[in-house]
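Structural overview
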Number of protein chains: 4
Amino acid sequence: MSMKLRAAIVGSTGYGGVELIRLLLTHPNVEITSVISSSTAGVPIADGYPHLNQILTENLDGIDIEQIAAKADVVFLATPHGVSIDLSPKLLDAGLKVIDLSGDFRLKDTAAYEQWYKHKPADPAYLEKAVYGLCELFGDEVPGAQFISNPGCYPTASILGLAPLAAKRWIDLKSIIIDAKSGVSGAGRGLSQTVHYAEINENLLAYKVNRHQHTPEIEQAISRLADEEVTVTFTTHLVPMTRGIMSTIYVNLNQTRSEQEIHDLFSSYYEGRAFVRVRKLGKYPGTKEVTGSNYCDIGLSLDARTGRLTIVSVIDNMVKGAAGQAVQNLNIMMGWDESTGLAFTPVYP
Amino acid sequence: MSMKLRAAIVGSTGYGGVELIRLLLTHPNVEITSVISSSTAGVPIADGYPHLNQILTENLDGIDIEQIAAKADVVFLATPHGVSIDLSPKLLDAGLKVIDLSGDFRLKDTAAYEQWYKHKPADPAYLEKAVYGLCELFGDEVPGAQFISNPGCYPTASILGLAPLAAKRWIDLKSIIIDAKSGVSGAGRGLSQTVHYAEINENLLAYKVNRHQHTPEIEQAISRLADEEVTVTFTTHLVPMTRGIMSTIYVNLNQTRSEQEIHDLFSSYYEGRAFVRVRKLGKYPGTKEVTGSNYCDIGLSLDARTGRLTIVSVIDNMVKGAAGQAVQNLNIMMGWDESTGLAFTPVYP
Amino acid sequence: MSMKLRAAIVGSTGYGGVELIRLLLTHPNVEITSVISSSTAGVPIADGYPHLNQILTENLDGIDIEQIAAKADVVFLATPHGVSIDLSPKLLDAGLKVIDLSGDFRLKDTAAYEQWYKHKPADPAYLEKAVYGLCELFGDEVPGAQFISNPGCYPTASILGLAPLAAKRWIDLKSIIIDAKSGVSGAGRGLSQTVHYAEINENLLAYKVNRHQHTPEIEQAISRLADEEVTVTFTTHLVPMTRGIMSTIYVNLNQTRSEQEIHDLFSSYYEGRAFVRVRKLGKYPGTKEVTGSNYCDIGLSLDARTGRLTIVSVIDNMVKGAAGQAVQNLNIMMGWDESTGLAFTPVYP
Amino acid sequence: MSMKLRAAIVGSTGYGGVELIRLLLTHPNVEITSVISSSTAGVPIADGYPHLNQILTENLDGIDIEQIAAKADVVFLATPHGVSIDLSPKLLDAGLKVIDLSGDFRLKDTAAYEQWYKHKPADPAYLEKAVYGLCELFGDEVPGAQFISNPGCYPTASILGLAPLAAKRWIDLKSIIIDAKSGVSGAGRGLSQTVHYAEINENLLAYKVNRHQHTPEIEQAISRLADEEVTVTFTTHLVPMTRGIMSTIYVNLNQTRSEQEIHDLFSSYYEGRAFVRVRKLGKYPGTKEVTGSNYCDIGLSLDARTGRLTIVSVIDNMVKGAAGQAVQNLNIMMGWDESTGLAFTPVYP
């Protein structure tokens, strides 16, 4: 099918890579031409992921820039942080389009990257080229871009829940608290005691309190929307389920607004966007209502007693929080409808 | 889109109905024109299923034969047993194609229906028209049929796991034991203490031991394949997960056959079928490897010590065990490729 | 065993009642003499709870004040709200000790009860007698009391997490935000679609946002500790697990304090208390670490960037959040060691 | 407390070890004097198991025979297979009582051990001393014994479900099929992809089909009861829950017996035994009904159509399947009541 865009996926044996495969396999304009893994090249991907039997029968490729450039037009990087810092420049120099799902090119401030990721930052020359692809907010920079830095899972849910208020500056920007909860797939396929079944099943954990590397990413986006330096309190929890993120967000209003006015603001802000659904007042989305889909669903409640607003924002961390948004970015980059290949109904129940 | 086949779904507010909606919404040749519920007609379906917000905004219709006939070409019945007995004849008489997901027209023996379902059986005249749509085995009766009786979830997994051996008569037909395990969605959306979260979470239950109404359905199909009356032992269990069925099947061989010969038999029997995947010897499929998809995956092991064969057969009970096979039947009925609209990759993890 | 205190449990067929049974059966000083259920009197309790087979073989009694007074010295009420309002006065008048696990006598402000519970409040004469039994904070009123109002599950975790800071007034009392998460058993055994397995499994829900009836209970206790009227923001979530509550609490400090000073405050505040465990700095308790036990485990983190403190407080909602604390109250009431019959190690994993 | 029996636990940082700790901490006649781990000696056990904070504050000891002999009277080995083969002889020679929870001394046939465990077998001289401690069946050899080999989890559930029929020889001994299902804690705390949360949650797996090392252990016990060499078909599955084992057992009767006669046989066989509960006809136990307790609950159903009997036997794999039965063996060994320290009510829900 010579008319299709040829895609390579680096990091195909991680959960992000395998979700990209699921989504791209039914994308009408894309053909997967190479699935790449540095660790297990040379064996069929279905050996490690039997659900792909008879669906994707190719062997995994190793990382070879020339080979990738020969086989693909666009490369998705679903790699642990640190890998893209070296790899993306080479792929870009080879003329490839790159969509990086890792955190390596999200922070424009290299010192912040170094502080939160404990890793040397990317080359500023390439950092400059990276478009932060939170489609609903900064999507107008995406068409025609060569290099997309795909947002993190927690930031996607959190920033979409805050954006209308930050952009309008209806809130005290010092008051932002984000209590975020994630399904366990967010921790990836790498083994660890924390996500060993018998440890995390029937358990609820807070982790990296005040230290999660997604904190500066959220702050960078909210600061940009509000046009003012913003610092947030951000806590992450692991919930015993596979998929789903919920950010419960607390902000103080800095002006008198009714719940209805705030709801109207959200509705108009996201009007016409395929993947953000604002719930009716009094309704709050559950994570299961977006499972397997690219939606971000939002509900809100204003407490008249405290003047504080509570916002509930949910996504599937593997889709809108990773692979789905990456495909959405590809669509926008290529000038296709943003929902091409993503018009999935959530899998319910 | 006048070129599309117009589909109505009766029982749209059950899990089977809502899964049909998910599958049909992305089917290229079908358009959903009516979602029907006798109990909650007149309200938007998304009121009860918020995951459908902005996807399916129609109000639910009531059951009205004339209205259905005006709006639809094909009707799916995802109703509790007993409903279709009266409804299907009327829909058929109105000239509609009918695909019945309930058990009402599966058993050709009306006495068996009455005994196992504790309900008066269907009119034999209509029973005769019903084609039992286990696509991989009896699919050649489906093209052009007006009325399909879609197989049950447990029977689909169990019969597909037994079919090659029954058809070849390599086994002692008196020795068949099926130990079946199902995710909780199989119990439907109706409330009951058994499937109350705190009762069934972290629990494993055997239920309806030797009394499950799917027993005669399995026996009817195996008898037909083996051309001999067969009785089976069949036990059902509830497993604390939402989707998935596994049938672990035990049979005694009635002749000397190697494990490899048996594997070859399965491979050749299902060769060319899109939705049955036979695992390599030594590998057994997990239910998660088919979640969200229409696959039936099969593994097997011959115990040289006992001469007994163990077969593991898994499906997603909501897809191959219900809505997916119904769509597959529609495809075959209409002369379309059987995987039209069903080429989903399983959702993993 | 005539030397033992005789206990009756009203509401024995709810989860709170059945957990009281589990704890009291191994209490060295207590004998269960009547298990009472208004709805299913006359049948063995093990009919509805087979785990009690051969353990508790008595039939359920109905509610009969004279009979209770003849059989028991102390009555536990594990009833839905509204029941105790009428029942407790009668039991108290009959000279019985009463430990009420429901919310009916927790709020001293009858208008607040009416507003949040949507039910007529208790008789002020009896309300006055009710001692709010949050043992670690107000336990000195318990010895010799006749009537204990046992705290709610969310309030127990939340108030214990806030108490040292509220009592010392180190925090801005207007800044308190409690993001609480509960296992599903907290919703009780009554059937509802929200806690139907297939709906809440692999799901995370916010509910009763800004409207949960435990809000004024928390405010009453914090106000009492801080000696000032306090209003809090309180959000509740359902997590797909059976047991456990986590309150993640956010407060702004109103003075400069180091993380170590705050940790020292917590450690000294709870020194000598059997059931509160303060984690080392940098460690946060998971709910599973207290499952089946009466512990409340607390961790904390001060964010130097925002001056905001995050506190993580976990309990087993069925034990410290209900039946365990009720037994602890009985122990204190009777002058026994508070951990009598409660020295369980958490069930892990 | 010099009157208490002093116990050491080798393998304290595995799930079996930590469950022994939970049970022994409330045992009235036993004192834990040493918790031992070869891998993490020298650190507090609560570092790896925070639920033990303030409960067990000792540091872990290394393996040192002299030190163990000085500190303890009885040693529990909760070690991976292979360890006890060398360690138990040394402990026995040092005069200690030993209760070995591993599989090393369960099989009297050393060739079978080597075949199924792929490891050199134990010294026959010590193997001879090992009493196989399935308390309800072979408990009369336990009093006064020095060395107990504690049964495996699957064998305990399976053998107890079969014993009355095997001992009476009412069944065709060639017909035994055991379809066993286990919670994930049975796989231990060691990391592996199979029990990584996102892989096994919402999944159901068959594993080691016809190759599980518990097969010969079951066969040995059934052969002993029936006084005839027996071979069984045995399949194991992993179920997405933490605790619990269910063995669903299929046998053909070799004589005409009514369901009631069989039920009577089971009832009389286990009469007076504290930890086996036979359910009424028509009722089947769920695993949750024994969680946290030492019970084995059994239900059965005879299918008149096939003459085949189905038996459902459940235990908590960590208790009756490991630590609980070990304590029960200690009780019997010491001449104490078998339920001393084990009279727990199951944790429900």
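This one's a predicted model, so the numbers in the text were calculated from it and none came from an experiment.

The next thing to look at is the overall build of chain A. Check the secondary structure of chain A and you find twelve helices and 13 strands. Its C-alpha atoms give chain A a radius of gyration of 20 Å, within 12% of the compact-globule value 20 Å for 349 residues. With respect to the principal axes defined by its C-alpha atoms, chain A has extents near 60 × 45 × 40 Å. When burial is assessed residue by residue, chain A has 66% of its 349 residues classed as buried. The contacts of chain A with a sequence gap of at least 6 include a subset with a gap of at least 24, amounting to 70%. Only carbon and sulfur atoms are counted for the fraction: they give 49% of the accessible area of chain A, which is about 10900 Å². If the 30 positive side-chain charges of chain A are averaged to one point and the 38 negative ones to another, these points end up 4 Å apart.

Moving on, we get to the pattern of salt bridges. All told, the structure shown has 84 salt bridges over all chains when counted by the stated rule. Of the charged contacts, one joins Arg 279 of chain A and Glu 289 of chain A as a salt bridge, the two residues approaching to 2.5 Å between their closest N and O atoms. Pair noted here: Arg 279 of chain A is in the loop between strand E11 (276-278) and strand E12 (296-303) and Glu 289 of chain A is in the loop between E11 and E12, with a separation of ten residues, a long-range link. Judged on exposure class, the residue Arg 279 of chain A and its partner Glu 289 of chain A are both buried. A salt bridge links Glu 19 of chain C to Arg 22 of chain C, with the nearest nitrogen and oxygen atoms 2.8 Å apart. Within this pair, Glu 19 of chain C and its partner Arg 22 of chain C are both found in helix H1 (residues 15-25), separated by three residues, close to a single helical turn. Considered together, Glu 19 of chain C and Arg 22 of chain C belong to a single accessibility category, that of buried residues.

Our next topic: helix H8 (residues 153-168) of chain A. Residues and elements named next belong to chain A. In a regular helix each residue adds 1.5 Å, so 16 residues correspond to 22 Å; H8 covers 24 Å between its end C-alpha atoms and thus fits that length. Approximately 50 degrees is the largest bend angle found in H8, and it occurs at Leu 162, with the proline Pro 164 only one to four residues beyond. In terms of residue burial, H8 counts as a mostly covered element, since 14 of its 16 residues are buried.

All right, on to the interface of chain D and chain A then. Contacts between the two partners involve 20 residues from chain D and, on the opposite side, 20 residues from chain A. Summed over both partners, the interface of chain D with chain A comes to about 1700 Å²; 54% of that surface belongs to carbon and sulfur atoms. The three residues of chain D that bury the most area against chain A are Leu 191, His 196 and Tyr 197 of chain D, which together make up 41% of that side's buried surface. Run the count over chain D and chain A and you get two salt bridges. The partner of Glu 199 of chain A in a salt bridge is Arg 189 of chain D, and the shortest N-O contact between them spans 2.8 Å. At the boundary of chain D with chain A, the tally comes to 16 residue pairs in polar contact (both at pLDDT 80 or more). In terms of residues, the side of chain D that touches chain A owes the most to one element, helix H9 (residues 197-200) of chain D, which gives four residues. When its residues are assigned to classes, the side of chain D that touches chain A shows nine nonpolar, nine polar and two charged.

Once that is clear, we can look at the relation of the copies chain D and chain A. Expressed as a screw transformation, the operator carrying chain D onto chain A has a rotation angle of 180 degrees and an axial translation of 0.0 Å, and the superposed copies differ by an RMSD of 0.0 Å. Seen this way, the second copy is the image of the first under a two-fold rotation axis. Among all C-alpha atoms of chain D, that of Tyr 197 of chain D lies closest to the rotation axis, at 2.1 Å. Mapped onto chain A, 100% of the interface residues of chain D are again interface residues, and the two copies thus contact each other with one and the same surface.

Moving on: the packing of aromatic side chains. Applying the stated criterion across every chain, the model contains 30 aromatic pairs over all chains. Arranged with centres 5.4 Å apart and planes meeting at 10 degrees, the rings of Tyr 197 of chain B and Tyr 197 of chain C form a pair that is stacked. With Tyr 197 of chain B in helix H9 (residues 197-200) and Tyr 197 of chain C in helix H9 (residues 197-200), this residue pair bridges two chains. Accessibility expressed as a relative area gives 0% for Tyr 197 of chain C, which makes it buried. Their ring planes at 85 degrees and their centres at 5.1 Å tell us that Tyr 269 of chain B and Tyr 270 of chain B sit as a pair that is edge-to-face. A relative accessible area of 29% places Tyr 269 of chain B in the partly exposed class. Residue classification places Tyr 270 of chain B among the buried residues on the basis of a relative accessible area of 3%. The positively charged end of Arg 277 of chain A is found above the aromatic ring belonging to Tyr 295 of chain A, 3.8 Å away from the centroid.

Turning our eyes to something else, we now look at the domain arrangement of chain A. All names here are of chain A. Domain annotation of chain A identifies domain 1 (5-129) and domain 2 (154-317). Using C-alpha coordinates to define each centre, domain 1 is positioned 27 Å away from domain 2. Taken together, the twelve residues of domain 1 in the interface contact 14 residues of domain 2. Interface of domain 1 and domain 2: buried area, both sides summed, is about 1100 Å²; carbon and sulfur atoms make up 52% of it. In terms of surface lost to domain 2, no three residues of domain 1 exceed Tyr 15, Arg 106 and Trp 116, which account for 52% of the buried area on that side. For the pair domain 1 and domain 2, the interface holds two salt bridges. Residues Glu 217 and Arg 106 are paired through a salt bridge, measuring 3.1 Å at the closest nitrogen-oxygen approach. Between domain 1 and domain 2 we count seven residue pairs in polar contact (both at pLDDT 80 or more) in total. Looking at the side of domain 1 that touches domain 2, the elements with two or more residues in it are helix H1 (15-25) and helix H5 (110-117). Broken down by element, the side of domain 1 that touches domain 2 gets its largest block of residues, three residues, from H1. Considered class by class, the residues forming the side of domain 1 that touches domain 2 number five nonpolar, two polar and five charged.

Here the focus is the nonpolar core. Nonpolar side chains in soluble globular proteins generally cluster together in the buried interior. Of all hydrophobic cores here, the largest spans 212 residues; its most connected members are Phe 76 of chain A, Phe 76 of chain B, Phe 76 of chain C together with Phe 76 of chain D. Each residue touching Phe 76 of chain B, except ones within four places of it in the same chain, is listed here: Ala 7, Ala 8, Ile 9, Val 10, Leu 20, Leu 24, Ile 99, Leu 101, Ala 326, Val 327 and Leu 330 of chain B.

For the rest of this paragraph, the subject is the side chain of Ser 247 of chain C. All names here are of chain C. With respect to the secondary-structure elements, Ser 247 resides in strand E10 (residues 245-252). Ser 247 sits in the buried class, given a relative accessible area of 0%. Among residues more than four places away in sequence, those in contact with Ser 247 are Tyr 154, Ala 157, Ser 158, Ile 178, Asp 179, Ala 180, Ile 311, Val 312 and Ser 313.

Between the two copies, chain C and chain A, the superposition gives an RMSD of 0.0 Å; the rotation angle is 180 degrees and the shift along the axis is 0.0 Å. Comparing interface residues between copies, 100% of those in chain C also sit at the interface in chain A, which points to an isologous, same-surface contact.

Let us look at the sheet that holds strand E12 (residues 296-303) of chain D. All names here are of chain D. Reading across the sheet, the seven strands line up as E8-E9-E7-E10-E13-E12-E11 and stay open at both edges, with mixed pairing between neighbours. Each edge of the open sheet carries a strand with a single partner, namely strand E8 (205-207) and strand E11 (276-278). Ignoring which end each strand starts from, the neighbouring axes of this sheet average 20 degrees apart. Examined bridge by bridge, E12 and strand E13 (residues 308-315) share eight bridges and lie antiparallel to one another. From the neighbouring strand, Leu 300 faces E13, where its bridge partner is Ile 311. The strands that helix H8 (residues 153-168) touches are strand E7 (177-182), E8, strand E9 (233-238), strand E10 (245-252), E11, E12 and E13; relative to E10, the one it contacts most, it runs at about 35 degrees.

Analysis parameters
Along every chain, residues carry numbers that run from 1 in the direction the sequence is written. Here every chain gets a letter starting at A, and every ligand a number starting at 1, in the order they are written. Per-residue local features of the predicted model are confined to residues with pLDDT of at least 70, and side-chain atom pairs are confined, for both listing and counting, to 80 or more; whole-chain, interface and lining totals are unaffected and use all residues. Working from all heavy atoms in the structure, the side-chain values ignore hydrogens and water. Every helix listed is a DSSP run of H or I at least four residues long, and every strand listed is a run of E at least two residues long, numbered separately from the N terminus. The size measure is the radius of gyration over C-alpha atoms, and the globule rule it meets is 2.2 Å times the number of residues to the 0.38 power. Only protein chains enter the accessibility calculation, which uses a 1.4 Å probe; a residue is then buried when its area is under 20% of its type maximum, exposed when over 50%, and partly exposed in between. Every residue pair with non-hydrogen atoms within 4.5 Å of one another is taken to be in contact. Only the protein chains shown count as cover for residues, with accessible areas throughout obtained via the Shrake-Rupley method and a probe of 1.4 Å. We score Asp and Glu as negative and Lys and Arg as positive, and we do not count His or the chain ends. One atom stands in for each charge, and that atom is NZ of Lys, CZ of Arg, CG of Asp or CD of Glu. Salt bridges, as used here, are contacts in which a Lys or Arg side-chain nitrogen is within 4 Å of a carboxyl oxygen on Asp or Glu. To estimate how far a helix should extend, the number of its residues minus one is multiplied by 1.5 Å. One axis is fitted to the seven residues ending at the residue and one to the seven starting there. The bend at that residue is the angle between these axes. By buried area we mean how much accessible surface two parts lose on assembly, using a 1.4 Å probe and totalling the loss over both. Identification of polar contacts relies on pairs of N or O atoms within 3.5 Å, with a donor-acceptor requirement for protein atoms, meaning one able to donate a hydrogen and the other able to accept it, and with residues adjacent in sequence counted only if both atoms are side-chain atoms. Each residue receives one of three labels: charged for Asp, Glu, Lys and Arg, nonpolar for Ala, Val, Leu, Ile, Met, Phe, Trp, Tyr, Cys and Pro, and polar for the others, Gly being one of them. Each copy is superposed on the other by least squares, with the fit set by C-alpha atoms of residues at a pLDDT of at least 70 in both. Each Phe, Tyr or Trp ring, with Trp reduced to its six-membered ring, pairs with another whose centre is within 6.5 Å; inter-plane angles below 30 degrees give stacked pairs, above 60 give edge-to-face pairs, and intermediate values give tilted ones. Only lysine NZ and arginine CZ atoms are considered, and such an atom sits over a ring when it is within 6 Å of the ring centre and within 35 degrees of the ring normal. An automatic or database domain assignment supplies the residue ranges for each domain. Only buried residues count toward a nonpolar core. Its members are Ala, Val, Leu, Ile, Met, Phe, Trp, Tyr and Cys residues joined through side-chain atoms within 4.5 Å. DSSP calls a pair of strands paired once it identifies at least 2 bridges connecting them. A fitted line through C-alpha atoms serves as each axis, taken over the contacting stretch for helices, and the angle formed by two N-to-C directions is quoted from 0 to 180°.

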